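Notes for the structure review
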Amino acid sequence: MNRPLEAHDRDAPIFAPDAFRLRDAQVELIDRARRFGRRVLAPRAEKHDREASFPIENFRDMHPEGLLAICIPKQEGGLGADFQTYCLAAAELGRYCGATALSWNMHVCSTLWSGALADDLPMSPAERAGHNERRRMHYRRILERGAIYAQPFSEGGAAAAGVVAFGTEARPVDGGFVVNGKKIFASLSGAADYYGVLCTERAEGEAASRRNTLYLAVPADAAGVSLAGDWDPLGMRATVSRTLLLKDVFVPEQEMLMPHGVYFQAATRWPHMFLTLSPTYMGLAQAAYDFAVAYLRGEMPGTPPVKRRMYPTKQIAIAEMHIQLEQTKALWFQAISEARPDPSKEQVLRAYAAQHTVMENANAIAAKALRTCGGQAMFKNLSLERIYRDSRCGSLMLPWTAEICVDRIGREALYQPGEKDD
Ligand SMILES: Cc1cc2nc3c(=O)[nH]c(=O)nc-3n(C[C@H](O)[C@H](O)[C@H](O)COP(=O)(O)OP(=O)(O)OC[C@H]3O[C@@H](n4cnc5c(N)ncnc54)[C@H](O)[C@@H]3O)c2cc1C
């Protein structure tokens, strides 16, 4: 007897609310993202992938849903999602369009880092008051106008890995800063209203220091802002991550997304902030698995209703994918639940392990799904081919590439901070 999977089974939440003990308010938000992903993102994903064009209409549609404001604190008019809730919602979007979820992450981080994360870090009362006033202005732009923020920090050198100070520099001048530099892989390039640029604040004659990292919202239409280069990559094509050039750009002081010195504190004391690229790939891992199940059952829309599930080799492959997916979910859920200021060494190592696992397993599951489903599953009118290419990008993303995670786990597991060999 044949009993087709109902749509609600195929698209069931990645993390079942009861099993993972989610709160009602979380469930509502995550569900909102899941329904939005299925209804709005999925039908548009193929076109933007083929064209390597930015899905601006997805972001316009996110505005009335409140999704652009998911991490804006409630008292400021946003949905007030905490770190874990955001990650779970982002994973649901990643299932339906990896590139949109990844670009959305760049936008959301501008509100999460200036919001809940900054609230966890010490500031003097005057600094706090100034910060709250400035961030309110950023939040109003998002809430009232649907403004979109990008987050370019990569420069092609050692800065994005956190090793040296950013080469993009902000020179303090009357009323603000003059910014000069270059950012590679600026997702949302040409679509964002503001670029949340990480740069080094450096007065005349001062040495560059990571401690002086500044997080500035550079208006896309400011004089001296331009884009360069083509964008024709393997995967995540709809992120349109071109090169951003900043030449003598005057940025008013009010555009600071964090007060002086607070980004450095965040990067050292709130390391889970760098785990925010992983939800997209958690969603892609689930999507690859879901595709394989539907395809082998002969229920993939757009393909003939041919069943392939009766072959033992297919069943073994699905079992292996299932095990890998459950391992990934369990570790990742634990890691996103531990985000906090000053986590323990064990929690930090687990965050690296979770990032590595999600990024590597998303692509491994997608590759196995292709191998198992077979040749007819690789056509571009089906989503698996795109999921396979998109999932390949995760382990390349700084600051926590798969290699860097391995590097840090090995070193930090064997050495205490400051410890050296004689
Ligand atoms: C689809 C996509 C979208 C992106 N969007 C953004 C964005 O919006 N904003 C943004 O800032 N960046 C973005 N990036 C950039 C990304 O985060 C990386 O900066 C980029 O992929 C690095 O490429 P690279 O060749 O310059 O790496 P390199 O710096 O040349 O490094 C190559 C590899 O060497 C290893 N490595 C580098 N430094 C170290 C180290 N110190 N220790 C040990 N190993 C190291 C890493 O494993 C790395 O993968 C995006 C990337 C992709 C693929």
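The rules behind these values
Residues numbered from 1 in each chain as written. Predicted model: local features only at pLDDT ≥ 70, side-chain atom pairs only at ≥ 80, totals over all residues. Helix = DSSP H or I, 4+ residues; strand = E, 2+ residues; numbered from the N terminus. Rg over C-alpha atoms; globule rule 2.2 N^0.38 Å. Buried ≥ 20, exposed ≤ 12 C-beta atoms within 10 Å, placed from the backbone. Contact = placed C-beta atoms within 7 Å. Domains from an automatic or database assignment. Nonpolar A, V, L, I, M, F, W, Y, C, P; charged D, E, K, R; others polar. Pairing = 2+ DSSP bridges. Expected span 1.5 Å × (residues − 1). Near = placed C-beta within 6 Å. Axes fitted to C-alpha atoms, helices over the stretch in contact; angles between N-to-C directions. Parallel < 35°, antiparallel > 145°, perpendicular 65-115°, else oblique. Left-handed = near helix turned anticlockwise from the far one by under 90°.

Comments concerning the overall build of the protein chain
Tallying secondary structure elements over the protein chain gives 12 helices and seven strands in all. Here the C-alpha radius of gyration of the protein chain, 22 Å, is about what a compact globule of 422 residues would show, namely 22 Å. When its C-alpha atoms are laid out on the principal axes, the protein chain stretches across 75 × 55 × 40 Å. Relative to its full complement of 422 residues, the protein chain shows a buried share of 47%. Considering only intrachain contacts with a sequence separation of at least 6, the fraction spanning at least 24 residues in the protein chain is 77%.

Description of the domain arrangement of the protein chain
Considered domain by domain, the protein chain is made up of domain 1 (7-148), domain 2 (169-259) and domain 3 (270-414). Computed from C-alpha atoms alone, the centre-to-centre distance between domain 1 and domain 2 is 22 Å. Taken together, the contacts link 26 residues of domain 1 with 21 residues of domain 2. Elements that contribute at least two residues to the side of domain 1 that touches domain 2 include exactly α2 (24-51), α5 (98-119) and α6 (125-145). Residues belonging to the side of domain 1 that touches domain 2 are distributed by class as follows: 13 nonpolar, 10 polar and three charged.

Here we look at the pairing of strand β5 (residues 213-219)
Taking burial as the measure, the seven residues of β5 include six buried ones, the bulk of the element. As paired strands, strand β4 (residues 194-201) and β5 are joined by seven bridges and run antiparallel to one another. Bridge pairing in β5 places G196 opposite A217.

So, α5
Think of an α-helix as 3.6 residues a turn; residues three or four steps apart then line up on the same face. The end-to-end C-alpha separation of α5 is 29 Å, in line with the 32 Å expected for 22 residues at 1.5 Å each. In terms of burial, α5 is largely enclosed, as 20 of its 22 residues are buried.

Quick look at the site of the ligand
Neighbouring the ligand are 24 residues, the closest being S154, F185, S187, M236 and E403. The element that contributes the greatest number of residues to the shell around the ligand is helix α12 (residues 402-414), accounting for three residues. Two domains each put at least three residues into the shell around the ligand: domain 2 (169-259) and domain 3 (270-414).

Points about the pairing of strand β3 (residues 176-186)
Note: strand β2 (residues 169-173) against β3, five bridges, orientation antiparallel. Bridge pairing in β3 links V173 to G176.

Regarding the packing of helix α8 (residues 278-296) against helix α9 (residues 312-337)
Packing of α8 against α9 leaves a shortest axis separation of 11 Å and a crossing angle of 160°. Taken together, the axes of α8 and α9 are roughly antiparallel relative to one another. In the crossing of α8 with α9, the sense of the turn from one axis to the other is left-handed. In this structure, α8 contributes S278, M282, A285, Q286, Y289, A292, V293 and L296 to the contact, and α9 contributes K314, I318, M321, H322, L325, T328 and W332. Tallied by class, the residues present in the contact of α8 with α9 amount to 10 nonpolar, four polar and one charged.

A short note on the environment of K314
Within the element layout of this structure, K314 appears in helix α9. A tally of 18 C-beta atoms within 10 Å means that K314 is categorised as partly exposed. Distance from K314 to C373, taken between C-alpha atoms, is 8.1 Å for residues 59 residues apart in sequence. Not counting residues within four places of it along the chain, the set of residues in contact with K314 comprises L296, R308, R309 and T372.

Things to note about the packing of α2 against helix α3 (residues 56-65)
Contact geometry of α2 with α3 gives a least axis separation of 11 Å together with a crossing angle of 155°. Relative to α3, the element α2 is oriented roughly antiparallel. The crossing of α2 and α3 is right-handed. Along the contact surface, α2 presents R32, F36, V40, L41 and R44, while α3 presents N58, D61 and E65. Its residues assigned to classes, the contact of α2 with α3 shows three nonpolar, one polar and four charged.

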